[in-house]
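Chain and residue survey
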Amino acid sequence: MRKPIIAGNWKMHKTVAEGVAFINAVKNEIVGTDVEALVCAPFTLLPSLVEAAKGTGVKIGAQNMHFEDKGAFTGEVSADMLLDIGVTHVIIGHSERRQYFAETDETVNKKVIKALAKGLVPILCCGETLEQREAGETKALCKVQIEKAFEGISAEDATKVVVAYEPIWAIGTGKTASSQDANDVISYIREVLEGIYSDEVSEEVRIQYGGSVKPSNVEEIMNESDIDGALVGGASLEPTDFVKLVNF
């Protein structure tokens, strides 16, 4: 049984004080252990959020990391730096990183390999643009992204990766893939993983959906057979909405 994971991606939002206030507001409202709750915040907030979330059901993740341990990489942060402050997860290959910061399938693969080697849980993003969707290229594109991202990764390590299918045309636009469409693509991603590894591995990997997920549609999305969680942007910024998402 795959444990659902609801992850908030705050992107470039919130100060330290705002972030700590958020954790304090939600930490007693997230009940049980049926769902893994995660907040992925800007680097400047991470130490304070880790401290505020200690002993609660909320885990803290980063939004990016470099694939080298150290070096002349101005503005970058390493896996060891994240581990040093108690971060457990890291988003890798988000479409905004690919679009605005020239991340490629090759650098994404290196980051996934490094995160796994260091003991961080990578949340690997994949997804298509509106033009690619309308051209019928969704599955072909996701296949390439998944195959390249998992290159050189063992079956044992593959099961530790969380995949996030995020159709780019649905991120921050208010448009959402229908739950059936999202499940269809996610089911296909599972088939791709089965082709790389085995049915056992593909059935163990958790796959999220991301793209204008909000309290009003999260239950419908989570009721689909192959969707194991959500990577949520705007709707994860308000404590009451985040609680509703986690307690769907």
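Look up a bit, the structure's there.
The sections below set out a description of the structure shown in this document. Bear in mind the structure is a predicted one, so any value in this text is a computation, not a measurement.

Definitions and cut-offs
Residues numbered from 1 in each chain as written. Predicted model: local features only at pLDDT ≥ 70, side-chain atom pairs only at ≥ 80, totals over all residues. Heavy atoms only, no water. Buried < 20%, exposed > 50% of the residue type's maximum accessible area, 1.4 Å probe, protein only. Helix = DSSP H or I, 4+ residues; strand = E, 2+ residues; numbered from the N terminus. Pairing = 2+ DSSP bridges. Right-handed = clockwise from strand over helix to strand, strands pointing away. Polar contact = N/O pair within 3.5 Å; in protein donor to acceptor, adjacent residues only side chain to side chain. Contact = heavy atoms within 4.5 Å. 1 Å grid on protein atoms, 1.4 Å probe; cavity = no way out; pocket = protein on both sides within 12 Å on 5 of 7 lines; lining within 4 Å. Points joined across faces, edges and corners; volume = space filled by probe spheres on them. Nonpolar A, V, L, I, M, F, W, Y, C, P; charged D, E, K, R; others polar. Salt bridge = Lys/Arg side-chain N within 4 Å of Asp/Glu carboxyl O.

What follows deals with the pairing of strand S4 (residues 89-92). By the alternation rule, side chains of S4 split into His-89 and Ile-91 and Val-90 and Ile-92, which are all buried. One ladder, built from 2 bridges, connects strand S3 (residues 58-62) with S4; its direction is parallel. Looking at S4, one finds that Ala-62 is bridged to Val-90. Since S3 and S4 lie parallel, the crossover through helix H3 (residues 79-84) that links them has a hand, and here it is right-handed. Here S4 runs beside strand S5 (residues 121-126); their pairing, made up of 4 bridges, is parallel. When the sheet's bridge partners are listed, Val-90 is paired in S5 with Pro-122.

Turning to its location among the elements, Glu-128 is positioned in the loop between S5 and helix H6 (130-134). Here the side chain of Glu-128 touches Thr-138 through a polar contact of 3.3 Å, side chain to side chain. Contact partners of Glu-128, with chain neighbours within four places excluded, come to Arg-133, Thr-138, Leu-141, Tyr-165, Glu-166, Pro-167, Ile-168 and Trp-169.

Time to look at the layout of surface pockets. Computed from the structure, the largest pocket encloses a volume of approximately 440 Å³. Considering the residues around the largest pocket, the lining is formed by 16 residues, among which Lys-11, Met-12, Gln-63, Arg-97 and Phe-101 are closest to the centre. Tallying contributions element by element places helix H4 (residues 95-100) first for the lining of the largest pocket, with 3 residues. Looking at the lining of the largest pocket residue by residue, the class counts come to 7 nonpolar, 5 polar and 4 charged.

Side chains that differ in sign of charge can pair as their charged atoms come close. Taken as a whole and judged by the stated rule, the model has 20 salt bridges. Between Asp-228 and Arg-2 there is a salt bridge whose closest N-O contact spans 2.8 Å. Taken together, the residues Asp-228 in the loop between helix H11 (218-222) and strand S8 (229-232) and Arg-2 in the segment before strand S1 (5-9) connect sequence positions 226 residues apart. Judged by relative accessible area, which is 17%, Arg-2 ranks as buried. Among the salt bridges present, the one from Asp-80 reaches Lys-118, with a minimum N-O distance of 3.2 Å. With a gap of 38 residues between them, Asp-80 in helix H3 and Lys-118 in helix H5 (residues 105-118) connect regions that are remote in the sequence. Judged by its relative accessible area of 35%, Asp-80 falls in the partly exposed class. Salt bridges here are not isolated pairs; linked through shared partners, they connect Arg-2, Arg-190, Glu-203, Asp-226 and Asp-228.

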